[in-house]
Amino acid sequence: MTRDEVTLAIKDIIETIAPDEELVGLNPDERLRDQIELDSMDFLDIVMELRKRYGVQVPEEDYKELASLTSCADYLGPKLEDVELKVGC
Amino acid sequence: MTSDNINPDGKSVSRPWGSRHGRIPQKKDFLEGVKAEYDVVVIGSGLAGMTAANILGRNGQRVLLLEQHFKIGGLATWFKRPGGHIFDVSLHGFPVGMKKTCRKYWSQEIADKIVPLDKVTFDNPQFSFDTTFTREDFTEKLVTQFDLDREMVEGFFAHLRKMDFFDDSNLTTGELFEEFFPGRNDVHRLLMEPISYANGSNLDEPAITYGIVFSNFMSKGVYTFVGGTDVLISAMRAELLKNGVDIRTRVQVEKIQVEYGSDGKPHVAGVVANAGAATHTIRSSAVLSNANLKTTILKLVDEEHFRPEFVAEAKAVRLNNSSCQVYMGIRAGESIPFLTDLLFTSTRTKFQSHSLSDLHGESRTFSFYYPKGRPEMKEERYTIVASTNARYADWADMTDEEYESNKRQLCEETLSHLETYLPEVRSKVDYIEASTPRSFEFYTQHQGGSSFGTKFEGLAPSMNLHLELGGLFHAGSVGIIMSGWLGAANYGVIQANKVDSYLFQLQQTQNATS
Ligand SMILES: Cc1cc2nc3c(=O)[nH]c(=O)nc-3n(C[C@H](O)[C@H](O)[C@H](O)COP(=O)(O)OP(=O)(O)OC[C@H]3O[C@@H](n4cnc5c(N)ncnc54)[C@H](O)[C@@H]3O)c2cc1C
């Protein structure tokens with residue numbers, strides 16, 4: 001996955017978890033939960049989906065790395081380098 | 001779900017089983033055809049156990065869900081009685097968050113049946129009014145009816161919302177109330193009573209438990225599930241089966257088996273389960289227990305597998321209180337006028353936190369169930385369920401006669417209390433029955449009939465269990481904040497994620513070595 005694809009992967013996961021949220025026009029550097037309605041349970045779902053779809057483990061101490069789209073790409077980029085993007089699961 | 005019932009004429013009808021008579025012996029093997037091994041065994045089918053099982057099944061894990069009762073659902077349950085009555089046990093109401101939780105972890109169809117109650121009412125010698133049960137309405141009431149300063153009230157709610165785990169947990173809820181509303185017993189009553197009924201807590205708990213629960217619960221109304229608990233649980237059952245979960249009822253887990261790895265550390269190896277005609281040993285990589293925390297640590301696992309410090313910590317955890325309920329069925333063809341959906345009522349002049357659990361106390365909630373709650377039923381039916389908090393110790397040592405007469409007294413007091421709101425109701429009730437802490441203990445096997453798990457200190461051993469014993473997880477009412485339908489279901493999700501992560505890790509290591 002390229003860096004852009006990682007962002008796409010995250011957005012696709014968020015879309016299944018929070019279908020009512022508008023994801024177009026999100027500021028990548030701003031905290032996700034400050035822009036859309038995401039609570040701590042939703043972040044848990046992101047972690048579970050990452051594991052299920054891409055076989056990536058995000059340990060609890062790293063949950064904070066998922067705060068914004070930019071930090072997601074920074075953190076997940078290296079882990080997803082050799083993994084194919086799957087959308088619309 | 002209760003075992004003994006008392007007819008309105010005061011005659012008692014005993015069944016050949018129940019909390020005083022024990023269980024019906026089983027001749028069948030309820031684990032017939034079970035597999036020898038699963039990824040995870042879930043012990044108990046309460047909302048936490050079921051929700052965890054559903055997520056794990058959905059994630060492709062091989063899940064076995066074991067329940068000792070003949071129905072799944074745990075305390076989220078219902079029962080039928082002669083006269084065509086269906087009584088819901090714990091469907092008084094829950095926070096709006098349940099809608100999102102059901103959509104994400106169950107199905108859109110289940111979530112769509114969650115709707116707000118039309119009316120919630122308080123009535124006691126200190127205040128009487130209807131409320132939408134929202135933060136806005138509580139603010140309004142505190143300002144206009146209790147003459148409090150708006151800024152003070154808003155400051156209090158803002159303070160509650162900011163409270164989190166890192167707060168100084170020495171402050172109690174009572175102290176917090178005194179700080180903001182000194183000497184205002186009426187305000188304390190309004191703020192505390194609904195929470196006490198919802199999770200068994202009192203003014204002596206750490207203030208943080210209050211802050212978290214209040215912000216979730218007393219902020220956006222009270223919600224219910226249209227169709228009744230039976231419809232909800234059967235929809236959940238269908239979903240579990242769709243996700244490949246092997247569900248077995250009437251199966252009592254007696255032991256969690258432990259083995260030691262090459263590193264000398266213990267991990268779970270499976271369970272020993274009594275399935276009626278046969279006892280089975282089933283292997284699994286992980287076990288998620290929805291049994292009470294203390295039962296899980298102190299009974300299901302042999303003590304030698306834990307550090308003595310951990311056993312001591314578990315022993316020191318206090319259980320939460322239990323409940324009594326009185327179920328009243330309105331005769332077929334009769335009706336009652338719409339009064340309210342949920343009534344918090346008391347004849348006690350002043351609020352005293354602990355008196356909410358008194359044997360034959362003056363405070364109770366009434367849930368009124370009208371035909372709108374079960375639109376698919378052929379006949380229009382009405383039931384009323386009264387609930388109180390209760391202490392197990394008050395009921396535990398009664399003789400059979402004392403037990404019967406106390407239950408009869410409870411039914412009578414409740415009916416008289418109800419008559420002050422519905423004067424003609426006595427003649428319309430054709431079925432009345434009481435449940436006690438002993439009933440709750442019998443049907444869930446929770447120590448002390450605990451309705452809401454443990455006090456706050458139970459949270460740490462519950463969350464850290466897998467660090468003590470590899471592959472063993474707990475999910476179920478615990479620590480006050482993880483209780484009620486929403487708390488239990490969400491805690492099931494939190495723990496399912498940990499189980500899934502554990503299994504994933506294990507499966508990866510296995511793949512690497514094979
Ligand atoms: C009277 C009453 C009214 C309530 N009203 C409401 C309400 O209106 N709204 C609300 O949100 N909450 C309410 N609650 C609380 C709510 O029902 C509970 O918090 C919630 O349902 C508990 O879910 P749980 O997952 O913790 O487990 P439980 O529902 O307690 O289930 C645990 C399950 O484990 C099974 N089990 C235990 N040991 C074993 C074993 N060894 N082998 C096999 N199975 C085992 C038990 O049989 C049980 O089915 C009420 C509770 C009570 C008692």
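Residues numbered from 1 in each chain as written. Chains lettered and ligands numbered in written order. Predicted model: local features only at pLDDT ≥ 70, side-chain atom pairs only at ≥ 80, totals over all residues. Heavy atoms only, no water.

## Remarks on the overall build of chain B
Looking only at helices and strands, chain B features 17 helices and 20 strands. Whereas a compact globule of 514 residues would reach a radius of gyration of roughly 24 Å, chain B reaches 23 Å, a difference of no more than 12%. Based on the C-alpha atoms only, the size of chain B along its principal axes is roughly 70 × 55 × 45 Å. A total of 514 residues make up chain B; the buried ones form 60% of that total. Contacts in chain B between residues far apart in sequence, at least 24 positions, make up 73% of those at least 6 positions apart. (Helix = DSSP H or I, 4+ residues; strand = E, 2+ residues; numbered from the N terminus. Rg over C-alpha atoms; globule rule 2.2 N^0.38 Å. Buried < 20%, exposed > 50% of the residue type's maximum accessible area, 1.4 Å probe, protein only. Contact = heavy atoms within 4.5 Å.)

## Considering the overall build of chain A
In terms of regular secondary structure, chain A is built from four helices and zero strands. Each helix and strand of chain A, ordered N terminal to C terminal, gives the series α-α-α-α. Radius of gyration (C-alpha) of chain A: 12 Å, near the 12 Å computed for a compact globule of 89 residues. Surface exposure of chain A reaches about 4,700 Å², of which carbon and sulfur atoms provide 47%. (Areas by Shrake-Rupley, 256 points an atom, 1.4 Å probe, with all protein chains shown as cover.)

## Concerning the interface of chain B and chain A
At the interface, 17 residues of chain B touch 18 residues of chain A. With both chains or domains summed, chain B and chain A bury close to 1,300 Å², and 50% of this area falls on carbon and sulfur atoms. Summed over the shared surface of chain B and chain A, the result is five salt bridges. Of the charged contacts in the structure, one is a salt bridge between K104(B) and D45(A), with a shortest N-O distance of 2.6 Å. In this assembly, chain B and chain A are joined by twelve residue pairs in polar contact (both at pLDDT 80 or more). Element by element, the count of residues in the side of chain B that touches chain A is highest for helix α17 (residues 484-513) of chain B, at ten residues. Across the side of chain B that touches chain A, the residue classes break down as five nonpolar, six polar and six charged. (Buried area = accessible area lost by both parts, 1.4 Å probe. Salt bridge = Lys/Arg side-chain N within 4 Å of Asp/Glu carboxyl O. Polar contact = N/O pair within 3.5 Å; in protein donor to acceptor, adjacent residues only side chain to side chain. Nonpolar A, V, L, I, M, F, W, Y, C, P; charged D, E, K, R; others polar.)

## Focus on the pattern of salt bridges
By the definition in use, this model includes 37 salt bridges over all chains. Residue D500(B) is joined to R51(A) by a salt bridge in which the shortest nitrogen-to-oxygen separation is 2.7 Å. One end of the pair, D500(B), is in helix α17; the other, R51(A), is in helix α3 (residues 40-54), on a second chain. Classification of D500(B) as buried rests on a relative accessible area of 4%. Since its relative accessible area comes to 4%, R51(A) is described here as buried. Here R391(B) and D394(B) are joined by a salt bridge, their closest N and O atoms 3.5 Å apart. In this structure R391(B) comes out as partly exposed when scored by relative accessible area, which is 31%.

## Examining the confidence of the model for chain B
Across chain B, the average pLDDT comes to 94, with 95% of residues at 70 or higher. The ipTM assigned to the predicted complex is 0.94, against a pTM of 0.95. (pLDDT = per-residue confidence, 0-100.)

## A short note on helix α2 (residues 97-105) of chain B
Inspection of α2(B) places M98(B), T101(B), C102(B), K104(B) and Y105(B) among the buried residues, and these make up the whole buried set. Taken together, the buried residues of α2(B) touch α1 (3-17) and α3 of chain A together with α1 (47-58), α3 (108-112), β7 (114-116) and α17 of chain B.

## Structural notes on the site of the ligand
Residues and elements named next belong to chain B. Around the ligand sit 38 residues in total, of which E67, Q68, L75, G93 and H446 are the nearest. In the environment of the ligand, an oxygen atom lies 2.5 Å from a nitrogen or oxygen atom belonging to the side chain of E67. At 3.3 Å, a side-chain N or O of Q252 approaches a nitrogen atom of the ligand. A class-by-class count of the residues in the shell around the ligand yields 16 nonpolar, 21 polar and one charged. (Near = heavy atom within 4 Å.)

## Re helix α15 (residues 437-444) of chain B
Note on helix geometry: an α-helix contains 3.6 residues per turn, so any two residues three or four positions apart are oriented the same way. Residues and elements named next belong to chain B. Most of α15 is tucked away: six of the eight residues are buried. The complete set of buried residues in α15 reads P437, R438, S439, F440, Y443 and T444. As for α15, its buried residues are in contact with β15 (322-330), β18 (383-390), α12 (392-396), α13 (400-419) and β19 (429-435).

## Let's talk about the packing of aromatic side chains
Residues and elements named next belong to chain B. The final tally for this structure, using the stated rule, is 31 aromatic pairs over all chains. Ring centres of F177 and Y210 lie 5.0 Å apart, and the angle between their planes is 85°; on these two criteria the pair is classed as edge-to-face. Separated by 33 residues along the polypeptide, F177 in helix α6 (residues 173-180) and Y210 in helix α8 (residues 207-217) bring together distant segments of the chain. When sorted by exposure, F177 lands in the same class as Y210, which is buried. Geometrically, the ring pair formed by F180 and F181 is tilted, given 6.2 Å between the ring centres and 45° between the ring planes. Comparing F180 with F181, the two get one shared label, buried. In textbook terms, an aromatic cluster arises when at least three aromatic residues are bridged by ring pairs, as seen for F122, F127, F129, F133, F138, F146, Y197, F217 and F344. The ring of W78 carries the charged tip of K71 above its face, separated from the ring centre by 4.4 Å. The ring of Y403 has R438 lying over it, and the distance from NZ or CZ to the ring centre is 4.0 Å. (Phe/Tyr/Trp six-rings, centres within 6.5 Å; stacked < 30°, edge-to-face > 60°. Lys NZ or Arg CZ within 6 Å of the ring centre and 35° of its normal.)

## Comments concerning the side chain of S323(B)
All names here are of chain B. Along the polypeptide, S323 turns up in strand β15. Look at S323 and you get buried, because its relative accessible area is 9%. Separated by 2.7 Å, the side chains of S323 and S451 make a polar contact. If we ignore the near neighbours within four places in the chain, the residues touching S323 are T388, N389, A390, S435, T436, P437, F440, S451 and F452.

## Details of unusual backbone geometry
Residue and element names in this part refer to chain B. Although it is not a glycine, H360 sits at a positive phi angle of roughly 55°. For H360, the position within the fold is in the loop between β16 (342-346) and β17 (363-369). The class of H360 is partly exposed, set by a relative accessible area of 22%. In this model, I480 sits at a positive phi of 70°, which is unusual for a non-glycine residue. By the secondary structure assignment, I480 is in the loop between β20 (472-474) and α17. Looking at I480, the relative accessible area reads 1%, which means it is buried.

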